[in-house]
Amino acid sequence: ELSRIFLELGGGNAAILPRIRPIGDVDEHDFILSHADELDPAISPAIAPAVRQFLLARLINEWADAHPETGLARALMGFPGQVFALARSLAALVDSFETEEISLDEIERLMGADFPEHRLAMLDFLAIVRKRLPEELERRGLIGRAARRSLLLSREAAHFEKHGSDGPIIAAGSTGSIRATANLLRVIARLEEGAVALPGLDLSMDEASWQSIAEEPGHPQHGFKQLLSVLGVDRKDVSFYPGSELGPAAQARLWLASEIMRPSETSDLWWPSLAHRSDDIRVAMGGVELIEAADQREEARVIAMIMRRSLELEGRNIRLITPSRRLARRVRAELRRWSIELADLAGEPCSQTQGGAFLRLLLDLGLSRFSPLEFAQLLKHPFFRLCAGRPGFTSLLCVLEIALLRGAVEPKGLFGLRSLLAERMRAATDGERPRGRLHPSLARLTGADWRAISDFVERFSAAATPFLDLMAENRHAPLETFIRTHLQCAEALTRSGRGLSLLWQGEEGEVLSDLFADLLGHAAEAPALAPADYAALVAGELAAHVVRPSTEDHPRLAVMGLLEARLLHSESVVLAGLNHGLWPAEAEIDPWLSRPMKAQVNLSSPDRRIGLSAHDFVHGFLSPAVYITYSRKIDGVPTVPSRWITRLEAVLNAGREPRPALPRSSPWLAWAVELDRGEARKTASPPRPKPPLAARPHVLSVTRIEKLINNPYLVFAENILGLEPLDPLSKRLSAADRGSLVHEALHDFAKSSAILAEDALERLLAAGHSIFSPWFYDPQVQAFWWPQFQRIAHWFIDHERRWRRDCHGQHCEIDASSAIRIGDREFIITARADRIDARRDGTMRIIDYKTGQLPSLKAVEEGFAPQLPLEAWLLGQGAFSGCPACEVSELTFVRLTGGQTPGEVRQAGNGAPAEIARAAHQGLCKLLSGYALPDTPYLALDVDDNYGSAGDIYHLARTREWRGSAEAAGEAP
């Protein structure tokens, strides 16, 4: 970027550019020190990051094995793969010691101090690291990377101090937070042709505040205070570079920024400082706009509009500066609506690239024992190429998803997938009874469809079996074995028509290739890994390696992080993501050394990072035009603005004179809302479909009649349009599944136990176990549902003995069918009764088992829950097969919960069963009379009462649209 600026200043003419060399700084850790190419045999090579990580991971594992009672050991046992995350944090701690040129022996000073027990255990471990790590480095002839960087910087400083420079030398942009860097700057500043440019040193700060920031590492000037002390220069001796003096507006903005960041110790000076300076504040706030968005989606849209608008202003450049890469991705996506493509100059972690995501999906698939959710995500990834060139591949994936991945599926690896395929194929083609419910669309699959699915499963198995078996075995293996098997599987699944894998193409592919080449090159140093350890290692490496764009995509727009923004200046900037916890980020909690411990060994405070973030904010705030944005909510969770916005408000509200208010709303917000609205929204109304009579259902079950009463549109969608919702991927067993299992167990018991013998309880438990056991892979079935059924069984057998006393026979799960003629149309009413008891007095008792909530007496009597009353009417008509027409003396609900009270018996209504049945029949005839007319619509109801729910068709009926229209018009929805 600096070279490009020099070329622009030269008008594109030939020129000898100055020699530009970056200085690796702790707050610029992504730069590579270019001095490393000047080899010095006296300086040992640096240890490779992967080798050090493996070495530290081995030390952690060895110590945890020897101290199983410690929190560290318990963390490693409870969270597989945690060792590499701990190794990375431990490496960062070692780096901080090397950066600040503090020996690890200083840890000895902490021994015996009064610290919490878990911190003392960490000190015991660090004592081993203090000894073992230097020994390992010395044995290998290596040193730490941070230590080598400091040695190279010190060598450069010594060279300049002894020989001087052979021309002008300018050190610019560094805050000198590395001790060796500060020493180099000191030497350069004393050279005859040397100069040090300090970015953002506040020369207007009052002396009291300047002295107090020495104890405030979170202040943006704290680093400069320390650097000037090392340079031996007083602040008043620092001057602006000729030609860079600030104008009145810039001076006012700089003064306001200084007041915003005023140290807490001198905050009492706000009033004397701000008194009678309203004009300066107005000048400083000119060009500053605060935008408070509802959420990050709205914030990204507003930012995109601001950046798009800047293109209409001639010569205007604008840059988005944010520490949130997620927000940056949202903004880039919003800009695409105007065909504006931008790269994020801060780069993307490899884990967010398509190749990295594919590799992670393979890992997730292996660890989940072939979970349907992970498998579906892998199949739909853009890099997946197995069979992708064949016609109908997309249709095949849709059918495969319905056939094998939806519904309650037990993840059992590829073997389980093949078994499930065989089971469901037999169920769909031969009519065998499968475990669980099959989607009706499977019945429409042809033999060719099933053969295509089977062929695909076999092809996938051939490519993925070695890797998935390795991940499923849960045994330790060498790192090289994991990497090669993982990559072979990924390459086989991503190979294009030319035989080349998509993983290694482009800039992303180069970074991925280097990452795994580095791991393979040092795999011999790694300990044997479990599958979870390998997955954690790869996930961490993918997140740590960044893919940076080689060039800017747009000459006037840019998206960048805080580090990149320090090097550039722009007429307009958007400072985005100014939420507490984002900018500045919360200081990380070190699992090894607490704040007091770090202070005792003279390590920098974690708040130093906050000071650097504050410096970045001030740097952007000094731009001529500034837009400051933040969100009230992130992921639905309320948040608060950054501390610097709060301080800005405090400055504007200080004193008695009227100040320019910081607006909470902005026209950009209204424009963002209108952006997607387009034309004025039309008033929506509930759908009123009126299908022809021939298309209307004439066969209705009693449960379908209940749906027709409570929400007719649901019957229209299911029975007329033929729609049925798909089960979710990786569907967990639901309360409805539990009810089905209980019903099935009671039915099997009734079939095998015509006589209630002494061993009735054992028979019921045996029947239940045969039904529940195939689902024991789900923890909730074995831990909760089966114990609940055992309690139900005891309760049920007790009540069954009472019911059998006045009963000479029973019918379980029997069907009924009866015709009702309404005008010229005939309706067939069907039902399946859970149980009908033939009582000794010649009457019948109908029992309906429920595992959920029972319908209220009011719902039954008012006709909103007509299931049992209609079954009583059908029984009176002799409609049940194998059961003669008879009077019904009881309509009984039996609620089976398995809770503290395992069961409950309740009558369906207060009136006589015959009267309830007669009223239900009359209501049914009235209902069907309406739907026998062609003008009767199937209305979509916005159900808010206790009698029904919108069900699965809430979105199909577009309920939110017409409900919102009614509310906007002041009408009842």
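These notes cover the structure that comes with them. Just so you know, these numbers come straight off a predicted model, no measurement behind them.

We now examine the overall build of the chain. Within the chain, the regular secondary structure consists of 36 helices and 17 strands. Here the chain, with 973 residues, has 49% of them falling under the buried criterion. In the chain, of all internal contacts separated by at least 6 residues, the share reaching a separation of at least 24 is 76%. Per element, the accessible surface of the chain, about 47000 Å² overall, is 53% carbon and sulfur.

What follows covers the environment of Glu 491. Its place among the elements puts Glu 491 in helix 20 (residues 479-493). Taking the C-alpha atoms as reference points, Glu 491 and Phe 384, separated by 107 residues in sequence, lie 9.7 Å from one another. Non-local contacts of Glu 491, meaning those with residues more than four positions away in its chain, are made with Ser 501, Leu 503 and Trp 504.

Right, let's get into the side chain of Ser 258. Positionally, Ser 258 belongs in helix 10 (residues 248-260). The exposure class assigned to Ser 258 is buried, which follows from its relative accessible area of 12%. Setting aside its immediate chain neighbours within four residues, Ser 258 contacts Asp 202, Ser 204 and Met 205.

Our next topic: the sheet that holds strand 3 (residues 288-293). Strand order across the open sheet formed by five strands is 3-9-8-4-7, with parallel pairing between neighbours. What marks the edges here is a single partner per strand, and that holds for strand 3 and strand 7 (557-560). Strand-to-strand twist of the sheet, defined as the mean angle between neighbouring strand axes without regard to direction, takes the value 15°.

Attention now moves to the environment of Cys 398. Locating Cys 398 in the fold gives a position in helix 17 (residues 393-405). We classify Cys 398 as partly exposed; its relative accessible area is 46%.

At their nearest, the axes of helix 28 (residues 702-710) and helix 34 (residues 867-876) sit 9 Å apart, and the two run at 135° to each other. Classed by the angle they form, the pair helix 28 and helix 34 counts as oblique. Of the two possible hands of crossing, helix 28 and helix 34 adopt the one that is right-handed. Contact residues: helix 28 offers Val 702, Thr 703, Ile 705 and Glu 706, while helix 34 offers Gln 867, Leu 870, Glu 871 and Leu 874.

The rules we used
- Residues numbered from 1 in each chain as written.
- Predicted model: local features only at pLDDT ≥ 70, side-chain atom pairs only at ≥ 80, totals over all residues.
- Heavy atoms only, no water.
- Helix = DSSP H or I, 4+ residues; strand = E, 2+ residues; numbered from the N terminus.
- Buried < 20%, exposed > 50% of the residue type's maximum accessible area, 1.4 Å probe, protein only.
- Contact = heavy atoms within 4.5 Å.
- Areas by Shrake-Rupley, 256 points an atom, 1.4 Å probe, with all protein chains shown as cover.
- Pairing = 2+ DSSP bridges.
- Axes fitted to C-alpha atoms, helices over the stretch in contact; angles between N-to-C directions.
- Parallel < 35°, antiparallel > 145°, perpendicular 65-115°, else oblique.
- Left-handed = near helix turned anticlockwise from the far one by under 90°.

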